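Observations on the three-dimensional arrangement
What follows is the residue order along each chain.
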Amino acid sequence: MPSYTVTVATGTQWFAGTDDYIYVSLEGTAGCSERHLLDKPFYNDFERGAIDSYDVTVAEDLGEIQLLKIEKRKYWVHDDWYLKYITVKTPVGDYLEFPCYRWITEDKEIVLRDGRAKLHRDDKTQILKQHRRKELEQRQKMYRWKEWHPGFPLSIDANCHSDLPRDIQFDSEKGVDFVLNYSKAMENLYVNRFMHMFQSSWSDFADFEKIFVRISNTISEYVMQHWQEDFMFGYQFLNGCNPVMIKRCRELPKKLPVTTDMVECSLERNLTLEEEIKQGNIFLVDYELLDGVDANKTDPCTLQYLSAPICLLYKNMEDKIVPIAIQINQTPGPDNPIFLPSDDKYDWLLAKIWVRSSDFHMHQTVTHLLRTHLISEVFGIAMFRQLPAVHPLFKLLVPHVRFTIAINTKAREQLICECGLFDKANATGGGGHVQMVQRAMKELTYSSLCFPMEIKAKGMDSKEDIPYYYYRDDGIKVWEAIKSFMMDVIDIYYKSDEVVCEDIELQAFVKDVYVYGMNGNKSSGFPKTIKTREKLSEYLTVAIFTASAQHAAVNFGQYDWCSWIPNSPPTMRQPPPTKKGTVTIEHIVESLPDRGRSCWHLGAVWALSQFQENELFLGMYPDEHFVEKPVKQAMMKFCKDLDEIVSVITERNKNKKLPYYYLSPNRIPNSVAV
């Protein structure tokens, strides 16, 4: 009688093992096996991290194995089990791999296909077609779209983390509890002692050092020492944690009536302002999106203020970008003066602080929340709804949506919800952050997520003209490595553009992203269909780059750049100045966050800057969804490309006082998970 050897690998997650009854059955082209009991309670098999093997004897050969069914029946209480994979050795000595990497909950049967990736067109037998269809039907019931706020990208239909399908929850909900993490961060930073003085002001800039944690040779300490200097202010637009706002100024906007006379002392080339603009030496940062956004009113004891500055910058003879004019609000007029480096020291400093505060709000809400977290969730939900586990694109994308839906759900539950943690310290809390996302969504385009296209559209692509833009340089290297990997994998499964067009599951995935994620907004430029292999490689690169590199670039520098409160105030407690010559050091300190909000802010940027336990970085694929040799070779090439980028970045950063490492692949997590 033929015998099959079935080897089962249990996950290493906490509580991954099980003491339930486990059954297996095999279905082949020549017949089906009976249900075989592999394990009983207390047999000590299927423990966390275990690999257990069993012989399954059948009456006659089953032919080519098409499906494997694994069934869990409870012994006493429901006992979730994380199944990594199963291998089957056939009577003739062939090995088949059945990837799973899922939780089996309650009394359930899971039907697995072997690990060879297949497009819809590749399935010829009815049984495989039916399995494919059923899997998607079940997933579409579990992964439903929901509108959290009008105008937002649609998100998962779940009110809290525990409502989510088990497969996409965090291994431990404790690990992503924002209240716990922020409080723990404040405790670790020794700032809890200031919380009883929540609304009291600091005495002066030096007073902020009481909550500043010195870690030898860090960027944050360099920021503390140099934050008042113009070069540091300008540098952050290139390589800080929000390096996406700056663009080359082709024409001075009418709402910013700066003249040559005003900025003449800042211009170093004996040219007029117009001539400097023509030569490409003038840059603009405009926070127009903040204009009219409601400031936080959740604390009646503390008035909070927002502004929408416009900042003009200049590339000096040392190729450094420095500010030369700041208008704190959008509409020019006598009550909205243009501040200049030649003004009184504190006038100029306060104008820069207003820009830095506005930059913090744009960073947190648009650059970070919308353009990485929410967009990545859209790709994740659409993937689960429209791509079966056997689809090569599911296998490609699934590592890059790990924990993303979970972290976003937890954020909606605790962080950005009404009366959430976001309200505690941020001037855009209390609903302003919702207005900002709604406005930003109207302007969000597909091309702006294509990294090289966005850099070029802003006129920031020339390395010769702007030599110290490391965010651009490293980002393009990583983008190209990801795209090359995508093309290598696409070439394996899509032999022509026609195959792309005919892939109904791919087209349904793309349509889901457009219709639900982007609310069917034509002006977004998001494709409704994909017709070529080139366009498919770009589309997948957008999804993976956004979830990995873009998020890393704008998330993990938050403690570096925002822990020194005056450099990145989360709120301002005095309105912007309406005339020059009135600002004092006391007025600036009164404008900056009070002690309590400073501590909450510090705890937040610390917690958000930490990697997850057991973080998986770009190029690390411990879950072997792919079994084919050509794909594994493509992965090895990808890893080699990434290693070369790490070497280049490491060499460049040697002896730099301000190293740029956020886009070094060994520091880029695979997915948005914090």
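Reference entry: report on the structure contained in this document. (Residues numbered from 1 in each chain as written. Predicted model: local features only at pLDDT ≥ 70, side-chain atom pairs only at ≥ 80, totals over all residues. Heavy atoms only, no water.)

Considerations on the packing of aromatic side chains
Quick note on the threshold: Between rings of Phe, Tyr and Trp, where Trp is taken as its six-membered ring, a pair exists when centres lie within 6.5 Å; planes separated by under 30 degrees are stacked, by over 60 edge-to-face, and by other angles tilted. By the criteria applied, helices consist of DSSP H or I runs no shorter than four residues and strands consist of E runs no shorter than two, each listed in order from the N terminus. Ring-over charges, as used throughout, are those where CZ of Arg or NZ of Lys falls within 6 Å of the ring centre and within 35 degrees of the ring normal.
Tallying each qualifying case throughout the model produces 26 aromatic pairs. A centroid spacing of 5.4 Å and a plane angle of 15 degrees characterise the contact between W145 and Y516, whose relative ring orientation is stacked. Linking W145 in strand β10 (residues 145-146) with Y516 in helix α15 (residues 504-517), this pair joins segments that are 371 residues apart in sequence. By way of ring pairs, the aromatic residues F379, Y446, F509, F526 and Y539 are connected into one cluster. Looking at K320, its charged tip hangs above the ring of F231, at a distance of 5.4 Å from the centre.

A short note on the nonpolar core
Rules: We call a set of buried Ala, Val, Leu, Ile, Met, Phe, Trp, Tyr and Cys residues a nonpolar core when their side-chain atoms join them within 4.5 Å. Here the term buried applies to any residue with accessible area under 20% of the maximum for its type, exposed to any over 50%, and partly exposed to those in between, with areas from a 1.4 Å probe on protein chains only. Any two residues having at least one pair of non-hydrogen atoms within 4.5 Å are treated as being in contact.
Ranked by size, the top nonpolar core spans 164 residues in total, and within it I246, Y494, F509 and W561 carry the most contacts. Looking at this core element by element, the count peaks at 20 residues for helix α7 (residues 345-386). Among residues more than four places away in sequence, those in contact with Y494 are L119, H391, L393, V499, V500, D503, L506, R533 and L536. Of all hydrophobic cores here, the second largest spans 25 residues; its members include F46, W81, I104 and L112.

A closer look at helix α16 (residues 533-555)
The periodicity of an α-helix, 3.6 residues per turn, causes residues three or four positions apart to be oriented the same way. Rules: To estimate the expected span of a helix, count its residues, drop one, and scale the result by 1.5 Å. Working definition for bend: take the seven residues up to and ending at a residue and the seven starting at it, fit an axis to each, and measure the angle between the axes.
Given a rise of 1.5 Å per residue, 23 residues ought to cover 33 Å, and the 31 Å separating the end C-alpha atoms of α16 matches this to within 8%. Remark: the principal bend of α16, roughly 50 degrees, maps to F545. Counting buried residues along α16, 20 of its 23 residues qualify, which places the element largely inside the surrounding structure.

Topic: the pattern of salt bridges
Using the following cut-off: Salt bridges, as used here, are contacts in which a Lys or Arg side-chain nitrogen is within 4 Å of a carboxyl oxygen on Asp or Glu.
Scanning the entire structure with this criterion turns up 40 salt bridges. Here R132 ties to D123 by a salt bridge, and the two come within 2.7 Å at their closest N and O atoms. Residue classification places D123 among the buried positions, given a relative accessible area of 4%. The closest approach of N and O atoms between K352 and D230, which form a salt bridge, is 2.6 Å. One end of the pair, K352, is in helix α7; the other, D230, is in helix α4 (residues 230-239), and 122 residues separate them in sequence. Taking the relative accessible area as the measure of exposure, K352 reaches 4% and is therefore buried.

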